[in-house]
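Structural overview
Each chain, written out:
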Amino acid sequence: MLALLLCGFALLYGPAYLDLSRTIWATDEQGHGPIILVVALWLLYSQRHALAALPAEPVPWLGWSLLVFALLLYAFGRSQDIIMFAIGSQMVLMVAVLLLFSSVRGLRLVWFPIFFLLFMVPLPEALVAAITAPLKSAVSAVASNLLYHLGYPVGRSGVVMTVGPYQLLVADACAGLNSMFTLEALGMLYMNLMRYTSVPRNVALAILLIPTAFIANIVRVMILVLVTYHFGDEAGQGFVHSFAGMVLFMVALLLMLVLDKVLGMFFSNAKAPA
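Residues numbered from 1 in each chain as written. Predicted model: local features only at pLDDT ≥ 70, side-chain atom pairs only at ≥ 80, totals over all residues. Heavy atoms only, no water.

Before going further, it helps to examine unusual backbone geometry. Residue Asp-81 is not a glycine yet carries a positive backbone phi of 60°. Position of Asp-81 among the secondary structure elements: in the loop between α4 (60–79) and α5 (83–101). (Helix = DSSP H or I, 4+ residues; strand = E, 2+ residues; numbered from the N terminus.)

Quick look at the structure:
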């Protein structure tokens, strides 16, 4: 039965994933999509024995209702080329399958991997554009002010930064909504792996991840500006530009670890059993 369900899922969503690999996932802004998918599948796979050990207590009326809704949402998204609906429907479909063949307890067991798939769903372009513009402006303003006070000849006009003879455009991938969305996903994964039972602690860390992502983006932009100033435009736009993306995640992870230690002083450190 499991093999049949997996084959059906692959046949249904294979074309949608293929479209993503050729378009959105090939961009810097949405390049995290495949990683999110792989991590979510790994988390689901790691719970396979625990899920199989649960007694089957299906909820047919809710399961069938969600299944029909998921298929309609997928069909609408594919026919109208709304990738957010087509990909987003997979989460509803997984919930429906669990309610039909497992139980509510099974759904509780694997709720996080299903929820984690939300971070690979492409965001609406209008929303991204509306939030990314002020984010880029804020990141570039803070980065330029910090570098100026450190003695560097930095100027700024909107999201264009000038350092010495060079001009740098703060792109969406460097400081946009998708970048912060990716870092939020990293934080959620960290929280799941730590398995803290304190709800206030988890909520506090989730909220603090937003300014953490903002700070990490500032560090990334500052690194690119400094590399460009000291080593030239080719260095700033070459390997170092890609490496700065890794620095972004390392800085975010370091800040998360610091926040985790600080929150441990105020909240319980109890963890759920693995």
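Another aspect to go through is the pattern of salt bridges. Applying the stated rule across the entire model yields two salt bridges. A salt bridge links Asp-19 to Arg-78; the nearest nitrogen and oxygen atoms lie 2.7 Å apart. Remark: Arg-78 occurs in helix α4 and Asp-19 occurs in helix α1 (residues 2–22); sequence separation between them is 59 residues. A relative accessible area of 30% means that Asp-19 is categorised as partly exposed. (Salt bridge = Lys/Arg side-chain N within 4 Å of Asp/Glu carboxyl O. Buried < 20%, exposed > 50% of the residue type's maximum accessible area, 1.4 Å probe, protein only.)

The next point concerns the sheet that holds strand β2 (residues 160–163). Across the sheet, three strands lie side by side as β1-β2-β3; this open sheet has antiparallel pairing. Looking at which strands have only one partner, the edges of the open sheet turn out to be β1 (154–157) and β3 (166–169). Between one strand and the next, the sheet's axes are offset by a mean angle of 25°, whatever the strand orientation. Judged from the four bridges that link them, β1 and β2 form a sheet pairing that is antiparallel. By the bridge assignment for β2, Arg-156 is matched with Met-161. Contacts from helix α8 (residues 125–149) reach β1 and β2, with the element oriented near 160° to β1. The strands touched by helix α11 (residues 199–231) are β2 and β3; relative to β3, the strand with the most contacts, the crossing angle is about 155°. (Pairing = 2+ DSSP bridges. Axes fitted to C-alpha atoms, helices over the stretch in contact; angles between N-to-C directions. Contact = heavy atoms within 4.5 Å.)

Ranked by internal contacts, the top residues of the largest apolar core, which has 51 residues, are Tyr-17, Ile-87, Ile-114, Phe-116, Leu-117, Phe-119 and Met-120. Of all elements in the fold, only α1, α2 (33–46), α4, α5, α7 (111–116), α10 (177–194), α11 and α13 (239–263) reach the threshold of two or more residues within this core. Tallying contributions element by element places α5 first for this core, with 11 residues. Non-local contacts of Phe-116, meaning those with residues more than four positions away in its chain, are made with Ile-36, Val-39, Ala-40, Ala-185 and Leu-189. (Core = buried A, V, L, I, M, F, W, Y, C linked by side-chain atoms within 4.5 Å.)

Mapped onto the elements, Met-194 comes out in helix α10. Separated by 81 residues in the primary sequence, Met-194 and Pro-113 have C-alpha atoms spaced 15 Å apart. Setting aside anything within four residues of it in sequence, one finds Met-194 in contact with Asp-260 and Lys-271.

Before going further, it helps to examine α4. The first and last C-alpha atoms of α4 sit 28 Å apart over 20 residues, in line with the 28 Å expected at 1.5 Å per residue. Within α4, burial applies to Gly-63, Leu-67, Ala-70, Leu-73, Tyr-74 and Gly-77. Viewed end-on, α4 has its buried residues packed into an arc of 135°, placing them on one side of the element. Pointing more than 90 degrees away from the buried face of α4 are the exposed residues Trp-61, Trp-64, Leu-72 and Ser-79. Once α4 ends, the next one or two residues include Asp-81, with phi positive near 60°. (Expected span 1.5 Å × (residues − 1). Arc of directions from axis to C-beta.)

Right, let's get into the confidence of the model for the protein. It should be kept in mind that the predicted coordinates are not to be read in detail where pLDDT is low. Residue-level pLDDT values for the protein average 84, and 90% of them are 70 or greater. Across the protein, the element-wise mean pLDDT spans from 58 in helix α9 (residues 172–175) up to 94 in α4. (pLDDT = per-residue confidence, 0-100.)

Attention shifts here to the packing of α8 against α11. A packed helix pair is summarised by two numbers, namely the angle formed by the two axes and the spacing between the axes. Where α8 contacts α11, the two axes come as close as 9 Å, and the packing angle between them is 55°. In terms of axis orientation, α8 runs oblique to α11. Where α8 crosses over α11, the handedness of that crossing is right-handed. Every residue of α11 that contacts α8 at Leu-135, Ala-138, Val-139, Val-142, Ala-143, Leu-146 and Leu-147 is listed here: Phe-214, Asn-217, Ile-218, Val-221, Met-222, Val-225 and Leu-226. (Parallel < 35°, antiparallel > 145°, perpendicular 65-115°, else oblique. Left-handed = near helix turned anticlockwise from the far one by under 90°.)

Moving on to the packing of α4 against α5. Contact geometry for α4 and α5: axes closest at 8 Å, N-to-C directions at 165°. Here α4 lies roughly antiparallel to α5, going by the angle between them. Relative to α5, α4 is oriented so that their crossing is left-handed. Across the contact of α4 with α5, the residue classes tally to 18 nonpolar, three polar and one charged. (Nonpolar A, V, L, I, M, F, W, Y, C, P; charged D, E, K, R; others polar.)

A few words now on the environment of Phe-85. On the secondary structure map, Phe-85 appears in helix α5. Relative accessible area serves as the criterion here: at 28%, Phe-85 is assigned to the partly exposed category. Once the C-alpha coordinates of Phe-85 and Thr-228 are considered, the two residues, 143 residues apart in sequence, prove to be 41 Å apart. If we ignore the near neighbours within four places in the chain, the residues touching Phe-85 are Leu-73, Phe-76 and Gly-77.

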